[in-house]
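Remarks on the overall topology
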Amino acid sequence: MKKNKILFMDNQSGAAKFLVPLLDEFNNEYETIFIHNDSRYLNQKNSYTKSFSKSIDIAMHSNSLHMLFNKIMPDLIVIVTIHGVFHRWVMYVADSMGIPVFFAPHGTKLKGTGASGEKKSLGHKASRALFYISDWIYIFKDSVRMNFKGFKDILRTFFEFYFNKSRFSDNPKTSWGFKLDTIFLNYKEEEEFFRGFMNLKNSNETQFIVSGNLLGDSEIVNSKNFDSSIDNSKVLYVSQPLVGSGFTNIDQQIDLFQKIYAVLKKNDKQLIFRPHPRDDKSFLKYAEDNSIPISQNLDFAEDLQKYNYFIGFFSAGLFSSSRSGKPTLSLQIEGIPKFPYISENKKLLQFAFEDIEMGVNALLNSNTDEKSVHDFKPASLIISETIKNAIK
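The structure displayed is predicted, hence computed values, not measured ones.

The rules behind these values
- Residues numbered from 1 in each chain as written.
- Predicted model: local features only at pLDDT ≥ 70, side-chain atom pairs only at ≥ 80, totals over all residues.
- Heavy atoms only, no water.
- Pairing = 2+ DSSP bridges.
- Helix = DSSP H or I, 4+ residues; strand = E, 2+ residues; numbered from the N terminus.
- Right-handed = clockwise from strand over helix to strand, strands pointing away.
- Polar contact = N/O pair within 3.5 Å; in protein donor to acceptor, adjacent residues only side chain to side chain.
- Contact = heavy atoms within 4.5 Å.
- Axes fitted to C-alpha atoms, helices over the stretch in contact; angles between N-to-C directions.
- Parallel < 35°, antiparallel > 145°, perpendicular 65-115°, else oblique.
- Left-handed = near helix turned anticlockwise from the far one by under 90°.
- Nonpolar A, V, L, I, M, F, W, Y, C, P; charged D, E, K, R; others polar.

Let's shift gears to the pairing of strand β1 (residues 4–9). Regular strands have side chains that alternate between both faces of the sheet. Taken together, the 6 bridges between β1 and strand β2 (residues 30–36) define a ladder with parallel strand orientation. Looking at the pairing, M9 lines up with I35 of β2. Following the backbone out of β1, through helix α1 (residues 16–23) and into the adjacent parallel β2, one traces a crossover that is right-handed. By the bridge criterion, 4 bridges tie β1 to strand β4 (residues 76–79) in an arrangement that is parallel. By the bridge assignment for β4, I6 is matched with L76.

What follows concerns the side chain of N63. Looking at the element boundaries, N63 is found in the loop between β3 (54–57) and α3 (65–72). Among the polar contacts made by the side chain of N63, one reaches the side chain of Y138 at a distance of 3.4 Å. Here N63 is in contact with N37, R40, I58, W89 and Y138, once residues within four sequence places are set aside.

Interhelical geometry of α1 versus helix α9 (residues 214–223) gives an angle of 60 degrees and a closest axis separation of 8 Å. Viewed along their axes, α1 and α9 adopt a mutual orientation that is oblique. Crossing of α1 against α9: the hand is left-handed. On α9, the residues touching K17, F18, L19, P21 and L22 of α1 are L214, L215 and S218. Tallied by class, the residues present in the contact of α1 with α9 amount to 6 nonpolar, 1 polar and 1 charged.

Encoded structure:
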């Protein structure tokens, strides 16, 4: 019997990590294929792709998504981000060929203005510009293969990318490639971000479904498998790459961290640091040099079981800890996005950074909701059911 083919795509195979929770929901009737471009973007193997039926680098198909899709003939495509050139390219070719594309969240999305962050050198900018020119050449070639469909829109987006990169990344005026059949959301309030970013306005062509977070929900479910005693004298700091994301510089990030550490210590609580994979190296060195205790748990699920209190800035990690019923404090400073009011999420506390002492007091006086971990339908079930219904 012919199997339905689902493509999971990102320019780097590391994104497979966010999609693995979905795979258990598909039986042998489905062929799950991870498509990446590691030969250009990463140049190394990733163990997460082993969970898929197969993994393919688009370089094996002359760096042409049009040729690749014609060869595989997928029933549906799933992506986890929409910001990059690669992802716009995926949506463009898929739309031209009538292949539905679904978006599954790997992080949280809300519109926010970033601080200047660390300035990149002219040499770095030139290197990146030369790197991406290859992508654009492959995109133009695919347009030629499809009888120049959307060629003018590609040109406009090309110029926006090179001459107004910050706008391309944060508030694009060009909508080339933006075509998604279904967007899954962590929470309803994210819909406003996608409608604005993709210039969808009042369009009803895209379906929005609140699912929760794929990886976060799987960690909540898996946390029940860990048997560890909870130490209420400790608070887990869930880090975010504030420098790499352009929200602060390294000195500001360290200053914020020191204040959080001091307030927790004043309340007889020990801060445990959970680094983010994209944390600035100087920030990690600061933690190491100052003997800041670091979580040794590879899986966030184990931290969800081990700690009762969580603190940090706007992130999918904090959304997951609060969704699991654990008291969670998200601190707000100007320029960093903040969570909207989420009526069903009672454990997510938000305080301005200058009110950190009140915030910490509210955090430590909040109790864990033991029922939350059992009372929700994980994102993997919601997303997989929708995919199966779409390709019946």
